[in-house]
Each structure stands twice: as structure tokens, then as C-alpha cells.
Amino acid sequence: MSMNLKLAPVPEVLTYRTSAQRPDESDVIRRRAAAGELIRVARGLYAEAAGWAALRTTEQHHVRVRSFADRIRPGDLVSHVSAAVVFGVPLLTPPPTRIHVTSSGGDRRTTNATFIVHADLDPERNRRAVTTPDGLVLCGLERLATDLALTLPFTDAIVALDSLLRRAVERDLVRSAIERRGQKGRWRALRAVDFADAASDSPGESYARARFDQFGTPTPVLQHRFRTAGEPDIVVDFWFPESGVVVEFDGAVKYQRSEYLRGRTPEEALLDEKIREDRLRAFPEVRIVLRLTWSDLRNEWTLRAKLRQAGVRMSR
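Rules used throughout
- Numbering of residues starts from 1 in each chain and follows the order in which that chain's sequence is written.
- Local features in this predicted model are restricted to residues of pLDDT 70 or higher, and side-chain atom pairs are both shown and tallied only at a pLDDT of 80 or more, whereas totals for entire chains, interfaces and linings draw on every residue.
- In computing side-chain properties, one takes all heavy atoms of the structure into account and sets aside hydrogens as well as water.
- The helix and strand labels rest on DSSP assignments: H or I over at least four residues marks a helix, E over at least two residues marks a strand, and numbering proceeds from the N terminus.
- Any residue under 20% of the maximum accessible area for its type is buried, any over 50% is exposed, and the rest in between are partly exposed; the area is computed with a 1.4 Å probe on protein chains only.
- Note on definitions: a residue-residue contact is assigned when non-hydrogen atoms from the two residues lie within 4.5 Å.
- Per-residue and other accessible areas were derived by the Shrake-Rupley procedure at a 1.4 Å probe size, with only the shown protein chains allowed to occlude residues.
- A strand pair is defined by DSSP finding two or more bridges across the two strands.
- Under this scheme, a helix contributes an axis fitted over its contacting stretch, all axes are lines through C-alpha atoms, and angles between N-to-C directions fall in the 0 to 180 degree range.
- Between the first and last residue of a helix there are one fewer steps than residues, each counted as 1.5 Å, and that sum is the expected span.
- Residue types Ala, Val, Leu, Ile, Met, Phe, Trp, Tyr and Cys, when buried and joined through side-chain atoms within 4.5 Å, form a set referred to as a nonpolar core.
- Geometric relationships in this document are graded by angle, where less than 35 degrees denotes roughly parallel, more than 145 denotes roughly antiparallel, 65 to 115 denotes roughly perpendicular, and other angles denote oblique.
- Take the far helix as the reference: if the near one is turned anticlockwise from it by less than a right angle, the crossing is left-handed, and if turned clockwise, right-handed.
- Any pair of N or O atoms that falls within 3.5 Å is considered a polar contact. Within protein, one atom must be able to donate a hydrogen and the other to accept it, and sequence-neighbouring residues count only if both atoms are side-chain atoms.

Trainee: So what about the overall build of the protein? Which residues, and what values?
Mentor: Within the protein, the secondary structure is distributed over 13 helices and 13 strands. Burial status across the protein gives 48% buried among its 316 residues. Taking as baseline every contact in the protein between residues at least 6 positions apart, the subset at least 24 positions apart corresponds to 58%. Summed over its atoms, the accessible surface of the protein is roughly 16100 Å², and 51% of this surface lies on carbon and sulfur atoms.

Trainee: Explain the sheet that holds strand β3 (residues 45–48) to me, and be specific about the residues and the numbers.
Mentor: Sheet architecture is open: three strands sit in the order β1-β3-β2, paired in antiparallel fashion. Here the strands that pair on one side only, and so sit at the sheet edges, are β1 (15–17) and β2 (38–42). Averaged over all neighbouring strand pairs, the angle between strand axes comes to 35°, with direction disregarded. Packed onto the sheet, helix α1 (residues 23–34) meets β1, β2 and β3 and runs at close to 130° relative to β1.

Trainee: Just give me the short version of helix α9 (residues 203–215), but keep the residues and values in it.
Mentor: Side chains that are three or four residues apart share a direction in an α-helix, a result of its 3.6 residues per turn. Look at α9: 19 Å from first C-alpha to last across 13 residues, which is about the 18 Å you get at 1.5 Å a residue. The buried fraction of α9 amounts to 11 of the 13 residues, a majority that puts the element mostly inside the structure. What α9 keeps buried is the set Gly 204, Glu 205, Ser 206, Tyr 207, Ala 208, Arg 209, Ala 210, Arg 211, Phe 212, Asp 213 and Phe 215. Looking one or two residues beyond α9, the residue adopting positive phi is Gly 216, at roughly 75°.

Trainee: Quick rundown of the environment of Ala 192? Include the residues and the values.
Mentor: Along the chain, the position of Ala 192 falls in helix α8 (residues 186–195). Among the residues examined, Ala 192 registers a relative accessible area of 1% and is labelled buried. Taking C-alpha positions, Ala 192 is 8.5 Å from Thr 155, a pair spaced 37 residues apart along the chain. Not counting the four nearest positions on each side in its chain, Ala 192 is found in contact with Phe 154, Ala 157, Ile 158 and Leu 161.

Trainee: Just give me the short version of the nonpolar core, but keep the residues and values in it.
Mentor: The biggest cluster of nonpolar side chains holds 52 residues, and the ones touching the most others in it are Phe 87, Leu 144, Leu 148, Leu 161, Leu 164 and Ile 178. Ranked by the residues each element gives to this core, the list is headed by helix α6 (residues 154–166), at seven residues. Setting aside residues no more than four positions away along its own chain, Ile 178 makes contact with Thr 146, Ala 149, Leu 150, Arg 186, Ala 189, Leu 190 and Val 193. The next biggest cluster of nonpolar side chains, apart from the first, holds 18 residues, and it includes Phe 238, Val 245, Leu 303 and Ala 310.

Trainee: Please give an account of the packing of helix α5 (residues 141–151) against α6 that cites residues and values.
Mentor: At their nearest, the axes of α5 and α6 sit 9 Å apart, and the two run at 165° to each other. Our classification of the angle between α5 and α6 gives roughly antiparallel. Crossing of α5 over α6 shows left-handed handedness. Contact residues: α5 offers Leu 141, Leu 144, Ala 145, Leu 148 and Ala 149, while α6 offers Ala 157, Ala 160, Leu 161 and Leu 164.

Trainee: Tell me about the side chain of Arg 291, residues and numbers included.
Mentor: Looking at the secondary structure, you find Arg 291 in strand β13 (residues 288–292). A polar atom in the side chain of Arg 291 sits 2.8 Å from the side chain of Asp 250. Here Glu 273 takes part through its side chain, which lies 2.7 Å from a polar atom of the side chain of Arg 291.

Trainee: Give me α1: which residues, what numbers.
Mentor: For α1, which comprises 12 residues, the first-to-last C-alpha distance of 16 Å matches the rise-based estimate of 16 Å (1.5 Å per residue) to within 8%. Remark: Gly 36 follows α1 within two positions and exhibits a positive phi of approximately 90°.

Trainee: With reference to specific residues and values, describe the environment of Leu 55.
Mentor: By the element assignment, Leu 55 lies in the loop between α2 (49–53) and α3 (57–67). With relative accessibility at 13%, the residue Leu 55 sits in the buried group. With 44 residues separating them in the primary sequence, Leu 55 and Pro 11 have C-alpha atoms 7.8 Å apart. With residues up to four places along the chain from it excluded, the contact list for Leu 55 reads Pro 11, Val 13, Gln 60 and Val 63.

Below, the structure written as C-alpha cells:
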């Protein structure tokens, strides 16, 4: 399996299945659920309550996908947001409790307690299916990008598409697949594919970029480098040259991730960041350094106010 097809780790949590063939065991499972030791997470599927609560929503969905893999019909593929979860593609909105699959069995689409089944609308059916080491069959990454572009809201689609482009998904292949289908949402999907940019370095940066577009700001320069002779380059998330504004996104775990800390303590990383920002403010073309968090991005009025105060023009 290539690096582009890397998978999210399978979450570890104890699960239990009820069965009409094992009534006594099923009764014990239900009694434990009634006592609060287990939690019902899908029809006939229960998990250890404490372990389940500790999982993120994407990890919970991943458990559901793995637990019901044996109920997926031969020839069908795990697809849409369910495939995104298994591939580790970031999602802005938590996935549903039901599992998305695409059926090669004709123009049918149905929903039951466990699955949302999508008809295979691509006449070429060049799905490039991926089979995981434990036998789960997923749609390929180009197919996933196409599905997400067509079914997710624009901001959600950008978060996923930026990540997929970083994994070497070919934009032209996705555009061609969208155009072949001709289904509702095609123009929005094509715009999302054209807007997506592999230079966005994180889900937060992708969401910020989509929000800037919603507000009609000038197009920022991504990953702009500020250079000083004899000093390390400073690479910023967003640069608005006409207003002299640098925008940096601060994720909730930025000062906890090992790849960011690189052997430093969180306190040392914070001090280095302050020194970096002081250097950045010393550049004559930089008027303001604006730092944004997830909370800022989710609150439209807060985000608009911060951009306005920084001097970033908005046309919408």
C-alpha cells in the first residue's frame, strides 16, 4: 500500500454483538447496557461505555464501519464520509451514525438502520478500489474526492479536498468524474475542486481559507516566506499583501503535537513562537499579525470583526 493510501489507525475499544442465535449472551449484554457499563452504538452493537466516550466522533464512526464490514454486500464499497474516516481524511462536520456505501448493483439508493446506500452513477466505474489488510473494501481516493465534492457543503468539501490533494489526488481526474456524473450540485462541486489547494497545511487553515472566500476577502498568499539574511525564513499561513496583514491559525493542539514541538517543551515552543512573531512584526511590510482559533472560525461575527479590525477588506 502506498503512502498516499495510508489509513487511520483502528480505534481500540471493546465491542459486543447481540445475536438471535445466542439469546443468553445477548441478554447479558443488554443487562450490562441497562446498568450503564455498555452503550448501544448501532443496531445489535454495543461498546464499553467509558472507552466509547473517550473516542472522537470520527473514531466512533470508524468502529461502526469495521464492526459491520461483514454485512456489506460483495461488490459494494465503503464510500463518502465513511471512507474518509478510514483513510484519515479530515472532516469538518462529524460523520453520521449510519455507514455510507456505494452499490454496483444498479440505480438504487436506500437507507436502513445501519447503511446509506448510494447508486454508482459513474458510467466508467473506474473506482480504483482499495482493499485494506483486513479485507475492508474502500473506494479509491479520486472517487472519494468526487463523492465528497458532490455531497458536502462548500466549506466541508474544501477541508477534505485540500487534504486529498496533499495526498497526490489528481484534480483533473476528479473534475472529469464530476462532469461525467452530471448530478445535482455539479457546479458547486467543480468550484470546490478548483478552489482546493494542497498548500493549505491543516484542516484549520483550509476552513479559514473557505471562510475568507465566503466573506469576499482578497485571495491570500499561502505559506508565504519572509526572508532576512542570516536568519531562518518565517513561513506564515496567510499573507494579505495589500493590507499588510499576516494571519496565523492556532489549532487547539498546536503546542502539544510532537511534530510541532520537535523535542521542545510546550513552554519552550511558546517562547520560540513569541520570538518568531516579534521578528515577523519587524518586517516593514507587515502591519498586523492576526491569530485565529477554531472558535474564531466557527463564529462568523467574531471572525468578521477580527478581519475588519485588522484591515482586511471584505466584499460580502
